[in-house]
Amino acid sequence: MINTEKKISDYIDKLNDGQKPAEHDHSINTPEMEKLMDTVRLIRRMKEPDLPDAGYSKRLAKNVANQLQGKRVGEPNNKIKRMWFTGAGSVAALLLIAVLLNFLVPILGRTNIVYAMEQAYEDISAYHGILEVVEVNGEGKERLQAVREVWANKEGHYFIRELEGTSKGVITVNNGEKKWQIRPDEKQTILFAAFPDPYCFTFELGSEVNEVMNASETEVIGDEVIAERAATILEVTPQGGEAYRIWIDKKTGLPLQRQTTMHNALQYRLTYKEIEFVNAIPAEVMSYQLPEGYAEIDNNPEQIVNDVHEVQMLVGFVPLVPYEIPESYVQDKIAVSTGNVSKITFKTKDLKNTVIVLQGKADGVFEPATNAVLGKIGQNTAEILSPAGDSTGILSGGSYAGMAGISTIRWQKDGYEYAVVGNVSIEELVQFVGGITDDEVVLPQTVSNSAWMPQAQVAVDMEIEENEQKSIDAGHIPWKLDPVFVAHVFANVQACPEGIQGDYPIPYESLKAIYNDGTQAIVEVSGETPVMRVYLEKLVRQDNTGIWTVTGYDPKPASDE
Amino acid sequence: MSKQEILQKAQAGDPDSIEEICSATWEPVYRYIYARVQNRQEAEDITQETYVKALSWTKKKRIHPKVWLSFLKRVALNIVRDRWRQNQRRGVNTCIDDINPEQSAVSDETDEYALRELIETALDNISKEQRTVIELRILQGYSVKDTAKVMKLKEGTVRVMQYRALHNLAEILNHYNLFRGE
């Protein structure tokens, strides 16, 4: 029995680590052990599966295609490897176990603590705390930057009162209906749109948990008592980014302190000196009241109306209302905003997600943002940005630009311009697009092998690229996020290999993105140029914070020069 | 291109069509397999094997795109069962050629929901301490050491309690006839 206790415990550990237990390959299990293993697997069905990484689908397709091309159909490559391994004998097995023992122990710790943090966040509704922000210089000297009182809930609503620091006295609130900031020095209250909200206060627990869950690596590096609470120190390495540390409260399982990487001899430490978990933010701190003697300044002029006919009276057209929306959504409000734009807002019943459908009269030729992914809605080009970027037209003004978590789809048809904006995935936005048009929505597929055939390859030094990615993360060289801009610099360097003096010989307007799926892009260059096409890829990180790198190009044929 | 055309091109080994099919269906197939093997490594292996076998099969017989997903799940289930059988050295392998794609519907979300209800009931029928051990170790993924810390018990005691809890749960779940060799 003692042996079975140990074996079933090891079996559970193996599954917790996402590994295939040896018992699944051998027939040496007793009936009792079989039944206990079945029970463990049945109970694990209560929890969400451990899904593969984002690149799995492509990897799977590639492996399947390889196998179907006559290479041992029905016998995966990794199976062959395992057979070889068994044949290689126990020495190799022992070596592997020794190596795994060294590496798996910290990974096991990582999996458990991150999972526990995710679960702990799931279990809370709202919190109230005192957050301290300290700046630390290269010599280790500390300076208190701010102390703020924080009320926040999981619907994205918050109340922040600055208790110490340069903004002392300022209160910022977003109650989901509206957002406002009370500035005692100026005797003003400024009103903003509640959504989208570019200001998510620093060290918001939901964002922290998300960031850790999406990190490429996490490692437990020790324990420490912070604000009289025992905490585990976790080193978190974001994909292609620099490692930072968070301290996780052992009692609550939630982040308590964050320390950024040292940049330009400065780093920041943010600590919840006090924190309590509550059912809801008190209504009195979330209700809007203009303090006596304060001026109200509205930065979000929009007129709420009752229905689309009232919209028509104001803007001269009846806006399209999605006739079908995802089940979890309900219509929240209809408004008309500046520029005679109709704005219909939908929210999920739990108020966590918001999608806005905008419509206005088209003003000029449709110009997608240069860093946009390009799709098609019917015969029309669709600009797809995630996160939202520097769009023009109906989304101009930058009120959505650069906001993490906000995605946009914009297109024109029959003299109108439409946009769908939301803090949801592109796929969910597409469902709203499908509700207002019968046109087929085509998201860009991976470029076909025949289209991706650069005539000349460009050598890439990954170390340089990774360092440039870090510079981007620190706020430098933002143009590396724009494939057209990167191609522009590349084409000009090709045109002037001895160095560019004065203006670039190839103007930016001569370049046009003809393909962009978010990870690969092809930019066409016209006019006097030695380069006809530039091929770019996101090599370090494949999301919207990843830099573009030129990996190939098509030179202009000699006869054309 | 219609779904049928994509399927046909995928059968012929066209990488773009295979990618399109995998991209559209891998997640429900993977989830279905994962529910049975409960580890990512094996679930990824079997998912790959499922697509290879299913696409090879459709070279010989025509399949309607409407039943493609349930057909994939049926193939996956057969692979899982074959593996269990091979490991236990009993029974014979299921022949994929015997599958009728039009009758390939396999247990769906409703079954999964009912299963969870039964497991929840089983968990309600063991002692509070045993349930806590199971929740920490299996549902929250805690190590024995961390579980011992949380419950203020010795590691050996946690293992014993875990063993007894699983034994009791196995008895209850057996009563519900939940061990179907999947």
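Residues numbered from 1 in each chain as written. Chains lettered and ligands numbered in written order. Predicted model: local features only at pLDDT ≥ 70, side-chain atom pairs only at ≥ 80, totals over all residues. Heavy atoms only, no water.

S.K.: It is not clear to me how the sheet that holds strand β10 (residues 255–259) of chain A should be interpreted in this structure. Could you clarify?
M.R.: As a general point, the strands of a sheet are linked pairwise by backbone hydrogen bonds and lie either parallel or antiparallel. Residue and element names in this part refer to chain A. Taking strand neighbours across the sheet as the criterion, the twelve strands line up as β7-β8-β9-β10-β11-β1-β2-β3-β4-β5-β6-β12 in an open arrangement whose pairing is mixed. Either end of the sheet is taken by a strand with one partner, and the two such strands are β7 (217–226) and β12 (295–298). Direction aside, neighbouring strands of the sheet carry axes that sit 20° apart on average. Relative to strand β8 (residues 229–237), β7 runs antiparallel, the two sharing nine bridges. Across the sheet, the residue bridging to Val225 is Ala230, located in β8. (Pairing = 2+ DSSP bridges. Helix = DSSP H or I, 4+ residues; strand = E, 2+ residues; numbered from the N terminus. Axes fitted to C-alpha atoms, helices over the stretch in contact; angles between N-to-C directions.)

S.K.: Explain the pattern of salt bridges here, please?
M.R.: Working definition: two side chains of opposite charge can pair if their charged atoms are close together. Under the defined criterion, the tally for this structure stands at 30 salt bridges over all chains. Close ionic contact of A:Lys141 with A:Glu139 constitutes a salt bridge, the shortest N to O distance being 3.8 Å. There is no split in this pair, since A:Lys141 and A:Glu139 are both exposed. Residues B:Glu49 and B:Lys53 are paired through a salt bridge, measuring 3.5 Å at the closest nitrogen-oxygen approach. Note that B:Glu49 and B:Lys53 are positioned in helix α3 (residues 40–60) at a spacing of four residues, about one turn of the helix. (Salt bridge = Lys/Arg side-chain N within 4 Å of Asp/Glu carboxyl O. Buried < 20%, exposed > 50% of the residue type's maximum accessible area, 1.4 Å probe, protein only.)

S.K.: What am I meant to see in the interface of chain B and chain A here?
M.R.: In many analyses, interface size is given as the accessible surface area lost on bringing the parts together. At the interface, 63 residues of chain B touch 62 residues of chain A. Between chain B and chain A lies a buried interface of about 6200 Å² when both sides are counted; carbon and sulfur atoms form 57% of it. Viewed at the interface, chain A and chain B are joined by four salt bridges. One salt bridge in this structure joins A:Asp13 and B:Arg137, with 2.8 Å as the shortest N-O distance. Looking at the side of chain B that touches chain A, the elements with two or more residues in it are α2 (15–37), α3, α4 (68–88), α5 (109–124), α6 (128–139) and α8 (155–175) of chain B. No other element matches the 14 residues that α3(B) contributes to the side of chain B that touches chain A. Looking at the side of chain B that touches chain A residue by residue, the class counts come to 28 nonpolar, 16 polar and 19 charged. (Contact = heavy atoms within 4.5 Å. Buried area = accessible area lost by both parts, 1.4 Å probe. Nonpolar A, V, L, I, M, F, W, Y, C, P; charged D, E, K, R; others polar.)

S.K.: Looking at this structure, how should I read the pairing of strand β6 (residues 188–193) of chain A?
M.R.: In summary, the side chains of a regular strand alternate between the two faces of the sheet. Residue and element names in this part refer to chain A. As judged from the six bridges shared by strand β5 (residues 178–183) and β6, these two strands associate in the antiparallel manner. Looking at β6, one finds that Lys178 is bridged to Ala193. For β6 and β12, the ladder comprises four bridges, and the chain directions are parallel. Residue pairing for β12: Gln188 is matched across the bridge by Ala295.

S.K.: How should the side chain of A:Thr408 be read in this particular structure?
M.R.: You can see A:Thr408 is positioned in strand β19 (residues 407–413). Exposure remark for A:Thr408: the relative accessible area of 1% places this residue in the buried category.

S.K.: Even after reading the chapter, I still don't get the environment of A:Thr218, so can you show me in this structure?
M.R.: Within the element layout of this structure, A:Thr218 appears in strand β7. C-alpha separation for the pair A:Thr218 and A:Arg245, spaced 27 residues apart in sequence, amounts to 9.4 Å.

S.K.: What is the right way to look at the sheet that holds strand β17 (residues 373–377) of chain A in this model?
M.R.: Residue and element names in this part refer to chain A. Taken in spatial order, the nine strands line up as β13-β14-β15-β16-β20-β19-β18-β17-β21 in an open sheet, and their pairing is antiparallel. At either end of the open sheet lies a strand with only one pairing partner, and these are β13 (302–305) and β21 (441–442). Two elements, strand β18 (residues 380–385) and β19, share three bridges in a ladder whose sense is antiparallel. Paired with Glu383 across the two strands is Arg410, which belongs to β19. This element, helix α8 (residues 308–315), spans β13, β14 (329–337), β15 (341–348) and β16 (354–361) of the sheet and lies at about 20° to β14. Strands in contact with helix α9 (residues 426–436) are β14, β15, β16, β17, β18, β19, β20 (416–422) and β21; relative to β19, the strand with the most contacts, it is inclined by about 30°.

S.K.: Looking at this model, I keep getting lost on the environment of A:Asn153. Mind explaining?
M.R.: All names here are of chain A. Tracing the backbone shows Asn153 in strand β2 (residues 142–153). Given the relative accessible area of 13%, Asn153 is considered buried. Placed 52 residues apart in sequence, Asn153 and Leu205 show a C-alpha to C-alpha distance of 9.5 Å. Those residues in contact with Asn153, other than ones at most four positions away along the chain, are Ser125, Ala126 and Ile281. There is a polar contact of 3.0 Å between the side chain of Asn153 and the backbone nitrogen of His157. (Polar contact = N/O pair within 3.5 Å; in protein donor to acceptor, adjacent residues only side chain to side chain.)

S.K.: I'm lost on the environment of B:Ala54 in this one. Help?
M.R.: Residue and element names in this part refer to chain B. Among the secondary structure elements, Ala54 is positioned in helix α3. Residue Ala54 is classed as buried on the basis of its relative accessible area of 0%. Along the chain, Ala54 and Phe71 lie 17 residues apart, while their C-alpha atoms are 7.9 Å from each other.

S.K.: What's the story with the nonpolar core in this structure? I'm lost.
M.R.: Nonpolar side chains tend to gather and get buried jointly when the protein is soluble and globular. With 35 residues, the main nonpolar core has A:Val64, B:Ile18, B:Ile33, B:Tyr51 and B:Trp68 as its most contacted residues. When contributions to this core are tallied by element, the ones reaching two or more residues are α3 (56–68) of chain A together with α1 (3–11), α2, α3 and α4 of chain B. Per-element accounting of this core gives the leading share, ten residues, to α2(B). Residues in contact with A:Val64, not counting those within four places in the same chain, are B:Ile18, B:Gln48, B:Tyr51, B:Val52 and B:Leu55. Formed by 34 residues, the second largest nonpolar core is a distinct cluster that contains A:Ala146, A:Ile226, A:Ala231 and A:Leu234. (Core = buried A, V, L, I, M, F, W, Y, C linked by side-chain atoms within 4.5 Å.)

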